[in-house]
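Structural characterization, general
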Amino acid sequence: MPDRPAPGFRGRVGPPSRRAKVLLLTVGVLALLFLLFVMFAGVWTDWLWFRSVRYSSVYSSQLWTKLALFGVFGLLMALVVGFNLWLAHRLRPPLSAMSVEQQSLDRYRMGVAPYKRWLLIGLSLLVGLIAGAAASGQWRTWMLWTNQTQFGVKDSQFHMDVSFYAFSLPWYEFLLGFAFSAVIVSVLAAVLVHYLYGGLRLQGPGRRASAGAQGHLAVLLGVFVLLKAVAYWLDRYGLAVKSGSYKGVDSWTGLRYVDANAFLPAKTILFFVAIICAVLFFLTPVRRTWAPALIGFGLMALSAVLIGGVYPALVQQFQVKPNEQAKETPYIQKNIDATRQAYGIADSVSEPYTPKDATTQDALKPDAQTIKDIRLLDPNVVSPAFQQIEQQRSYYAFPKTLNVDRYGTGTDAQDTVIGVRELDLNGVQQRNWINDHFKYTHGYGVVAAKGNQVNGQGQPVFTESGLPASGTLGDYQQRVYYGEKSPDYSIVGGTNQEIDYTTDAGGDQQYQYTGSSGVSLDNPITRAAYAVKFAEPQILYSGAIASGAKVIYDRTPKERVEKVAPWLSIDADPYPVVQDGKLVWVLDGYTTSDGYPFSSKTTLGDVTKDSLTGQRGQTLTAANKVNYIRNSVKATVDAYTGDVTLYQWDDADPVLKTWMKAFPGTVKPRADIPATLVPHLRYPQDMFKVQRDLLGQYHMTDANSFFNGTDIWQVPVDPTTGTGEVQPPYYLTVRMPEAAAASFSLTTSFVPSKRDNLAAFMAISADPGPEYGKIRILKVPGDTGTLGPNLAQAKFNSDPEVARQLNILKNGGDSDVEYGNLLTLPVGGGLLNVEPVYVRGKTAKYPVLQKVLAVYGKDNVAFENTLEDALKKVFGAATAGTTPTAPTSPTTPTNPTTPTTPTTGGSPALQKALQDAQKAFTDGQNALKSGDWAAYGTAQKALQDALNAAADAQKAAGGASPSPSPSP
């Protein structure tokens, strides 16, 4: 039996009650209001953020440009589609033919009849919304077109200024694409309406299309073909920026022989054919027949196949292939010249360099500074040492890869490894919302160490350390509210007491933020907006947010600069600088374009990868293909206030000038860069990596050599990491041959394609000054067998003595050996490879420097306790005891021995000997600074004689012999 309702059950059949309707309506309205508030919260909080960093004009310019493009193109699309829907309905036949097909369509016509107007408006608006949203994404293209600056350089084929390809052509292509979309949607909509109302028929006797439908669709198709003619004309210029694989270059760009002599004339012919075909379509309503237009369209399609496809293939097969080198070399030369210009490598200087296997004292003398500043401290290995020694508290941390900078002036300037002690919430013992966002808000200070020294235990020699930090950097605001590890957001100010830092003696020190950054939370609507933004309702009602409190967010330097300058690509490695009592992050910004004619394209994300990418930071935009790049902007972010400042660095870059017109007042002139900051600016790594990747092939400036591909280089795989990724570039103080003095440089090695011997050494001057950005390349003859990085590492590993000592260091498996950066340096007419070797015990928190590997030439290998001893061994007699290396102990001067002056009196002979020793020591230091090795050797001998005389005098007096300080 079927179930019966229980007694007393009253089922309801029919429409819902008034109460249910009100409830549903209320829920719907509340949901709509919530969605609208979510949208409002996004816009409102963005506006407040930009206003807080004083870049509100950037946000407003973007917003109004997007809205304008959305409105104009959305409305235009809606009007075009709506007009064609209306016209198709207006041109419907008065009576539909009596056929089975039309009878079946009657019910649809009757169904839409009451809603025709609303359907017309709704469909038009829907299409307009989609088109407007797509158009708003073209705000960059619009701004570049309307604010374009001439390059002053013309392409070699059409003799148009490069700005046409970089700024105008993309906008014209967008307009053309929009017009195609409008016509195609209009054709589809018109066909649907004409079919629905009988203007188009698939069945039945008589004409398949009414006169109105025929004329309407013919005109639309004529417009489509006319647009195709415009596309053919623009395609002619597009050949100059067309990319494809050729001669080992994945994104070869520009015309080749077949493009200039087959595709280019073909596009011109097709342009005229399409115009004729469009005219035939426009005449169709007059002639009342499709035949001429369809024949013309067929001929256009056939022409596209024959002229645009078959003919170029025949030219390639029968003209180019039999004599490809002669045909292609003029176009290869255009590509070489344009690529080198677009990537800033046209002025690179190459010279042959045949490394010697041995050197002399005279040959080493000019390289005294290079040798003195050889960096033993690998910033990619010593971060754990900084962490263990200088972390101070568990809620602080240092980056995995530290930075290299220069501190000091003149001869006292020194390569320095520096890291910021940033906040790490993972180390907070009690994690909760209050601690995470109110109490633990900032890091504290920087730690710096000499790049060319370690102490007797193999640890860094710190020049700035402690909490609060103190040392050679002077007084500065040490609190780090904006850094690479900063939390998503913190609520500061008002009466909020933050944990400033903790000392063993004084405990927790409290602090209230007084900086200018942040957005006030005094307004309840603002608090509600941020509660939505951060998905944290406590922001709305928490009593911990007192009057005057502010929220700070978007705190990493990279994201702050990217937000205020969305037209820049930002280098992956911001670095800290202490200057003028402030700690600031310095970032390099790049302007790019993919519209430089004949310049080959490169994928930034691929070429900026190396063995340190995972721990150094993210690469530039992974899929961003460009063929023009300039380091046009230097940006700073204040670690305390979060202030972002953009400085014009390349005042000749037309792309930067264009963006400066689009966002006036956002970029300060180069002259405004603080004088104290300039010495810390450096050539950026990502720019250098893009250039070195191109120079692997584009160092060949002769088209015939390029065609034959006999001298292709590649960046060697890093032999010290085992990741299989390429070796990163290194900042070093180095003197290139023929240069007057050593300078802070960014360096790299090249090896021949698929081989491991050294092909070239490249350095670029990284110091701001007259030679900033100058690229020097030392080309090594292939028959010399000069060791590349992998061969140098193999030479180390295969040396029996090195292997024996490494086994000792590993201590039967109780310790691990970590190789530091393998540095290659042109020294004394040859090439010196130096690699620090660190040892980490199984229970140790960090590695310590224990040994130094060195190889000079092909066979001179050393594995010694100090760099000084290693260089003495590989240089041999050239040093004669006078190798000018830096000390490995913080208490040991640069020379190998330092006199120790007794604090008590002594005999006159002893006093004289000690005075002589002091004089000899001073003379040696002066000789070292001037690079006079002969004088340095004389001073060293005099120093040793004086110390011997002092020892004899002390013995004669019956006292202990004064010993020189030991050399670590």
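Residues numbered from 1 in each chain as written. Predicted model: local features only at pLDDT ≥ 70, side-chain atom pairs only at ≥ 80, totals over all residues. Heavy atoms only, no water.

Another aspect to go through is the overall build of the chain. Within the chain, the secondary structure is distributed over 27 helices and 35 strands. Within the chain, the proportion of its 968 residues that are buried is 53%. For the chain, the share of sequence-separated contacts (at least 6 apart) that also reach a separation of at least 24 residues comes to 69%. Of the accessible surface of the chain, which amounts to about 42,400 Å², a share of 58% is contributed by carbon and sulfur atoms. (Helix = DSSP H or I, 4+ residues; strand = E, 2+ residues; numbered from the N terminus. Buried < 20%, exposed > 50% of the residue type's maximum accessible area, 1.4 Å probe, protein only. Contact = heavy atoms within 4.5 Å. Areas by Shrake-Rupley, 256 points an atom, 1.4 Å probe, with all protein chains shown as cover.)

A few words on a nonpolar patch on the surface. A surface patch of nonpolar side chains, about 760 Å² in accessible area, is lined by Ile295, Leu299, Leu302, Val305, Leu306, Val310, Leu314 and Phe318. Structurally, Leu299 is set in helix α9 (residues 291-320). (Patch = residues over 30% accessible without salt bridge, like charges linked within 9 Å, V, L, I, M, F, W, Y side chains within 5 Å. Salt bridge = Lys/Arg side-chain N within 4 Å of Asp/Glu carboxyl O.)

So, about the pairing of strand β35 (residues 860-864). Two strands pair when backbone bridges link them, and strand β34 (residues 848-856) and β35 are joined in this way by five bridges, in the antiparallel orientation. Its bridge partner lying in β35, Ala854 is registered against Ala862. Two successive antiparallel strands, β34 and β35, enclose a turn made up of three residues, where Gly857 displays a positive phi of approximately 75 degrees. (Pairing = 2+ DSSP bridges.)

Counting buried positions along strand β5 (residues 403-407) yields five of five residues, so the element is predominantly enclosed. Because side chains alternate across β5, one face comprises the buried residues Asn403, Asp405 and Tyr407, and the other comprises Val404 and Arg406, equally buried. As paired elements, β5 and strand β6 (residues 414-420) share five bridges and run antiparallel to each other. The residue bridging Val404 from the neighbouring strand is Val417, located in β6.

By secondary structure assignment, the location of Thr526 is in helix α15 (residues 524-533). As a C-alpha pair, Thr526 and Thr45 span 481 residues in sequence and 7.6 Å in three-dimensional space.

One open sheet accounts for three strands, arranged β13-β17-β16; its pairing is antiparallel. Single-partner strands in this sheet number two, and they are β13 (489-493) and β16 (519-520). Bridging between β13 and strand β17 (residues 549-553) involves five bridges; their strand directions are antiparallel. By the bridge assignment for β17, Gly493 is matched with Ala549.

Before going further, it helps to examine unusual backbone geometry. Pro468 follows Leu467 through a cis peptide bond whose omega is -10 degrees. The backbone of Arg288 sits at a positive phi, close to 55 degrees, despite the residue not being glycine. Residue classification places Arg288 among the exposed residues on the basis of a relative accessible area of 54%. The residue Gln392 is not glycine, and still its phi comes out positive at about 75 degrees.

With that settled, the discussion passes to helix α21 (residues 685-698). For α21, which comprises 14 residues, the first-to-last C-alpha distance of 19 Å matches the rise-based estimate of 20 Å (1.5 Å per residue) to within 8%. In terms of burial, α21 is largely enclosed, as 13 of its 14 residues are buried. (Expected span 1.5 Å × (residues − 1).)

The strand order β5-β6-β9-β10-β11 describes an open sheet built from five strands, whose pairing is antiparallel. Of all strands in the sheet, those with a lone pairing partner are β5 and β11 (470-471), marking the two edges. Sheet contacts for helix α13 (residues 383-390): β6, β9 (446-454) and β10 (460-465); angle to β10, the most-contacted strand, approximately 55 degrees. (Axes fitted to C-alpha atoms, helices over the stretch in contact; angles between N-to-C directions.)

Moving on, we come to the side chain of Asp653. As for its placement among the helices and strands, Asp653 is situated in the loop between β24 (644-648) and α20 (654-662). Despite being buried, Asp653 has no salt bridge partner; Arg630 is the closest side chain of opposite charge, sitting 5.4 Å away. Once residues lying within four places of it in the same chain are set aside, the contact partners of Asp653 are Thr591, Tyr628, Arg630 and Ser632. (Lys, Arg positive; Asp, Glu negative; His and termini not counted.)

To continue, consider the packing of aromatic side chains. Here the structure, examined in full by the defined rule, presents 52 aromatic pairs. Summarising the aromatic geometry, the rings of Trp49 and Phe50 are spaced 5.1 Å apart at their centres and angled 85 degrees between planes, so their arrangement reads as edge-to-face. You'll find Trp49 and Phe50 in the same group, each marked buried. Measuring from ring centre to ring centre gives 6.4 Å for Tyr257 and Tyr331, while their planes differ by 80 degrees; the resulting arrangement is edge-to-face. Placement of the pair is Tyr257 in helix α8 (residues 257-287) and Tyr331 in helix α10 (residues 324-342), with a sequence separation of 74 residues. Within the aromatic cluster, the residues linked to one another by ring pairs are Phe73, Trp142, Trp145, Phe158, Phe164, Tyr165, Trp171, Tyr172, Phe174, Phe178 and Tyr237. Against the face of Trp233 rests Arg236, its NZ or CZ located 4.0 Å from the ring centre. (Phe/Tyr/Trp six-rings, centres within 6.5 Å; stacked < 30°, edge-to-face > 60°. Lys NZ or Arg CZ within 6 Å of the ring centre and 35° of its normal.)

Just distances and angles here, no functional claims.
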